[in-house]
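# Inside the fold
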Amino acid sequence: MADLDEKQPFIKSEPVDEIPPPAAAATPRPRKRRVPKWLTFVLKLAVLAYCWVSLRSWLKVNVDAVVERHQAQWLASAFSDTPVGHPHHRGKVLFGKKAEQKFLSVPNADSAIAASRQYATKPHMAGTPGDFETAKDFLKLLQTELGAAAPASLPIYSAGTPESRNATLGITKLKAPTAWIDTYYPVMNTPLDHSLKILNEDGDAVWTAALEEVADDTDPEAGKYYDAVTTWHGLSRGGSAKGKLVYANYGTKEDFDELVEKGVNLNGTIVITRYGGIFRGLKVKGAQEHGAVACLIYSDPRDDGTVTSQNGYAPYPHGPARNPNSVQRGSTQFLSVYPGDPTTPGYPSYENSTRTNGTNIPSIPSLPLSWANAQVLLEEIKEGGANRTIELVNNVDDKVIPIWNTMGVIPGHIKDEVVVIGNHRDAWVMGASDPSSGTASIHEVIRGLGELLRNDWTPLRTIVIASWDAEEYGLIGSTEWGEDFADWIDEHVVAYFNLDSSVSGSRFRALATPSLAHFVRGIAEEIEHPTKPGKTLWDATKDSGVLTGDHIDPEALAMYEASEAESAADSTGVGLLGSGSDFTVFVQRVGVASNNIGFQSTLQDPVYHYHSVFDSERWMETYGDPGFGRHVAIAKHLGLQTVRLADAIVLPINTTHHALELGHYLDKVESIASTTSLDVDFSGLRSAIHSLQKASHKLDHEKTKAEKKLKKLLRRLAMRHIVRRKIRHAFCKLRKMLGKECPHHERVAALATNAPHTEKTFECSSMKNSRNGLLPFKPRVGRAPAWAKEQRERGEMEISGKRKKPSFPMKRFKKAVKRVREVNKKLTSFERGFIHEDGIKDREWYRNLDVAPGKWLGYGATTFPALTEAFTIEKNATMAQYEANRLQKLIEKLAREIKV
């Protein structure tokens, strides 16, 4: 039993010295390689980044599309206190690049030629019946193209009347395009009779000049109208004179000074000068101040460069050289003293205005001469000549003559910011170049703006279009309007773009206040060259004519090159504005950023017969601009300027470039001062200029930030628009899956209708208490009418801005717009900052101390004019220091005004 009870071991005993057999091991499972956590993170990040980039790309494309489609009405809402997102503006509205492209597709050569033929095939001197007809033609153009109302009686208002005053002062309240004619009443003159003779010792005439131009039917209009406007000087002194003849070259200050240095006594003489170099009126002024009793001015072929008979070119109309019988008419007003009506300096010429004796007109008579007549006179005074007595007669009729400015307005969303574009319309005879080439170009601009308006475009800013009159007499139409509405211009006009002659030659030239120089050049670099494929309009600033020759007058060449160098003095290649055209009152009197563009003649171009009967349509179509490509290029440039600046969020006014140019102006004055013995301290003025430059740099940063902020909000609004649209579409799909209709489409249709809703009424003859025994009855069918009314009323509330919960945070939007508008106010005020109410010594009408026409130039600009002329003309150290201090205070004040 003991053996049975003995317990067996659980594990069988093995001999100690034996190695146990290995146990059967399970097959090991392969070990899975784990992806590093960092790599997983990177992969996930890459996927997220790809999704994010794709989403951003998709959103950018869609946001850009939405912004392009809706920014016009959103900006309009923000700038003009109307609600954002007009339901009736859900369609695409032209704005920005699309509007610019649309405009550029309109101007064309055929239309420009037709316009030129309309204006340049008949005489229309200021104040004549022909001039009045062109004023009405331009009015009709504005009414037709802009959609301005055309009342039964022509809207012609006498300046100073409530109708005339309200027409301009009410521009900022207009809601629809309008056009009218303002009539001003300046004192001008017209020719009566004139003569020019050489007398012998007995006083008998041995030669009588044929003063009128000679033309035949080779040029149809010239042959027809050669004597329609006699050869004379506008605003010249009436009377007669006798005296010996003295040659004074170009009649510049330097020319007269040289005669005095040589001991030539000019008292009692008749001075003869050639055209060129300076404004013709200042030639007469120089002769007058040196004691001459009369002045003759002639056109010299030496100033025609290589295009002369000496080089084998036939005279017009049989070739491109000067017709020897051609005469340059023109005003002899002393332009650098003041422009406009001589009898109302600084105030407008109403019909009943108080008149003064004009101090900007000559006290001696003058006549313009052809080369054919001048040759005879020059023979008299050459060495060995007879040098007989000359008798001159110039009888004129001085009187009040009505003139007509034709005005048109395109109201913008920003009512109190106005862009003005202008071109004068009057010509000395027909004026195919001056001014009708400009009129033809602005005609194309108006057609382009009209096309935009017909495509539902409304400019952000208001645009005023002006056809000035009596520019040829002395910038009278624009000056009188500018003096009439100086305060309104100061408050509202942000820029003025001028056209005079669009085309007289092959070289494109742009003049501007420096703050617009980059803007003008930039646009010229976008417009195609009119005759050279692959080049731009700006490239035409280097163009010259192709009519070369071996003979050219060195003095004429030097004068031309000096003029070219002066015109391109700005580092951008854009010249400065002095005077000589209708920008003068805007730049010199009020301080408005302005520019003037056009193609001008070079010394190798067909001779431009300035102010002659040969400035004709035939000359223009044959020699001036065959094919009218240059007319169209100027129209595109002017129109693109207008559309871009009118629609710009921040005005493209470069104050920093102008501020930097001031330093160069002072360098020039210091250089002049170094040639004199005058001791003047410029340190304060230099410091003021530096302060202005710093303030302008800060303003640059502010305008960039302000515009960026507003555009960012526009993109946020576009993003919200996209998100809401997607949610609506998803919601509609869900409702359709559930078998329900999506009401959104009907609501959109109701909101998109801006027409007033009229409900159909039924009448029942059995009802009483009605005027005709009938009472209205409105049927109701289910809930449909009530629902429609509910949706319509909701839309009307949105339209009227009475929504309780606006779809966009307008407060921030308005804040951003306010910031932009404050910047624009500072940009506009920059040019105003150079205006000093005391003006420039001896010519106080000119108030711009930054730039003005030179006292003895007329056309050309002099920088820091009062300070510069204290050295060059007055030669007075006390006056120079006074002017430096006056300019310093003005610039310091401007720096404070633009400070941000």
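Residues numbered from 1 in each chain as written. Predicted model: local features only at pLDDT ≥ 70, side-chain atom pairs only at ≥ 80, totals over all residues. Heavy atoms only, no water.

Below, the discussion takes up the sheet that holds strand β3 (residues 187-199). As summarised here, the arrangement of the 4 strands in space is β4-β3-β12-β6, forming an open sheet in which the pairing is antiparallel. In the strand order of this sheet, the two ends are held by β4 (205-208) and β6 (239-243), each with one partner. Pairs of neighbouring strands in the sheet enclose a mean axial angle of 25°, with direction left out of account. Where β6 and strand β12 (residues 389-400) come together, 5 bridges link them in antiparallel fashion. Looking at β12, one finds that Lys242 is bridged to Glu391. Sheet contacts for helix α10 (residues 371-381): β3, β4 and β12; angle to β3, the most-contacted strand, approximately 50°. (Pairing = 2+ DSSP bridges. Helix = DSSP H or I, 4+ residues; strand = E, 2+ residues; numbered from the N terminus. Axes fitted to C-alpha atoms, helices over the stretch in contact; angles between N-to-C directions. Contact = heavy atoms within 4.5 Å.)

Once that is clear, we can look at empty space enclosed by the protein. Considering all chains together, one arrives at 2 cavities of 30 Å³ or more under this definition. The volume enclosed by the largest cavity comes to roughly 60 Å³. For the largest cavity, the full set of lining residues is Ile840, Lys841, Asp842, Lys855, Ala866, Glu869, Ala870, Ile873, Glu874, Met879 and Glu883. For the lining of the largest cavity, the secondary-structure elements that each account for two or more residues are α25 (865-872) and α26 (877-897). Considering every element that reaches the lining of the largest cavity, the biggest residue donor is α25, with 3 residues. Approximately 30 Å³ is the volume found for the second largest cavity. If you go around the second largest cavity, the residues you meet are Leu849, Phe864, Ala866, Leu867, Glu883 and Leu887. Counting residues per element, the ones that place at least two in the lining of the second largest cavity are α25 and α26. Looking at the lining of the second largest cavity residue by residue, the classes come out as 5 nonpolar, no polar and 1 charged. (1 Å grid on protein atoms, 1.4 Å probe; cavity = no way out; pocket = protein on both sides within 12 Å on 5 of 7 lines; lining within 4 Å. Points joined across faces, edges and corners; volume = space filled by probe spheres on them. Nonpolar A, V, L, I, M, F, W, Y, C, P; charged D, E, K, R; others polar.)

Right, let's get into the packing of helix α20 (residues 655-673) against helix α24 (residues 810-832). For the pair α20 and α24, interaxial distance at closest approach is 11 Å and the crossing angle is 25°. Taken together, the axes of α20 and α24 are roughly parallel relative to one another. In this structure, the crossing between α20 and α24 has a hand that is left-handed. Of the residues in α24, those touching α20 at Thr655, His658 and Ala659 are Leu827, Phe830 and Glu831. (Parallel < 35°, antiparallel > 145°, perpendicular 65-115°, else oblique. Left-handed = near helix turned anticlockwise from the far one by under 90°.)

This brings us to a nonpolar patch on the surface. A cluster of nonpolar side chains, contributed by Val35, Trp38, Leu39, Phe41, Val42, Leu43 and Leu45, occupies part of the molecular surface with about 710 Å² of accessible area. Note on placement: Leu43 falls in helix α2 (residues 37-80). (Patch = residues over 30% accessible without salt bridge, like charges linked within 9 Å, V, L, I, M, F, W, Y side chains within 5 Å. Areas by Shrake-Rupley, 256 points an atom, 1.4 Å probe, with all protein chains shown as cover. Salt bridge = Lys/Arg side-chain N within 4 Å of Asp/Glu carboxyl O.)

A few words now on the nonpolar core. Residues Ile465, Phe508 and Phe864 are the most contacted members of the largest nonpolar core, which totals 183 residues. Per-element tally for this core: the top contributor is helix α21 (residues 683-737), with 12 residues. What Phe864 contacts, discounting residues up to four positions off in sequence, is Leu662, Tyr665, Leu666, Val669, Leu685, Ile689, Leu849, Asp850 and Leu887. Ala241, Leu245, Ala294 and Leu377 belong to the second-largest nonpolar core, a separate cluster that totals 19 residues. (Core = buried A, V, L, I, M, F, W, Y, C linked by side-chain atoms within 4.5 Å. Buried < 20%, exposed > 50% of the residue type's maximum accessible area, 1.4 Å probe, protein only.)

Moving on, we come to the packing of aromatic side chains. Remark: the centre distance and the inter-plane angle together describe each pair of aromatic rings, the angle taken between the planes. For the structure on display, the rule yields 22 aromatic pairs. For the ring pair Phe132 and Trp404, a centre distance of 4.8 Å and an interplane angle of 40° mean the geometry is tilted. On the criterion of sequence distance, the pair formed by Phe132 in helix α5 (residues 129-146) and Trp404 in strand β13 (residues 403-410) is long-range, its members being 272 residues apart. According to the relative accessible area criterion, Trp404 is buried, its value standing at 10%. With a centroid separation of 6.1 Å and an interplanar angle of 75°, the aromatic rings of Tyr316 and Tyr623 are classed as edge-to-face. One end of the pair, Tyr316, is in the loop between β9 (294-298) and β10 (330-331); the other, Tyr623, is in helix α18 (residues 617-624), and 307 residues separate them in sequence. The buried category is assigned to Tyr316, whose relative accessible area is 2%. Across from the ring centre of Phe599, 5.6 Å away, lies the NZ or CZ of Arg630, which sits over that ring. (Phe/Tyr/Trp six-rings, centres within 6.5 Å; stacked < 30°, edge-to-face > 60°. Lys NZ or Arg CZ within 6 Å of the ring centre and 35° of its normal.)

A separate point is the pattern of salt bridges. Under the counting rule described, the total for this entry stands at 44 salt bridges. When the shortest N-O distance is used, the salt bridge between Lys532 and Asp543 registers 3.1 Å. Highlighted residues: Lys532 in the loop between α15 (517-524) and α16 (554-567) and Asp543 in the loop between α15 and α16, separated in sequence by 11 residues. Connected through shared salt-bridge partners, Lys97, Glu100, Glu526 and Arg644 make up one network.

As a further point, take the side chain of Ser326. Relative to the helices and strands, Ser326 resides in the loop between β9 and β10. Within the structure, Ser326 has its side chain in polar contact with the side chain of Arg322 (distance 3.3 Å). Polar contacts involving the side chain of Ser326 include one to the main-chain carbonyl oxygen of Asn323, which spans 2.8 Å. Beyond its immediate chain neighbours, meaning those up to four positions away, Ser326 contacts Glu213, Leu369, Ser370, Trp371, His609, Ser612 and Phe614. (Polar contact = N/O pair within 3.5 Å; in protein donor to acceptor, adjacent residues only side chain to side chain.)

All quantities given are derived from atomic positions and should not be read as evidence of function.
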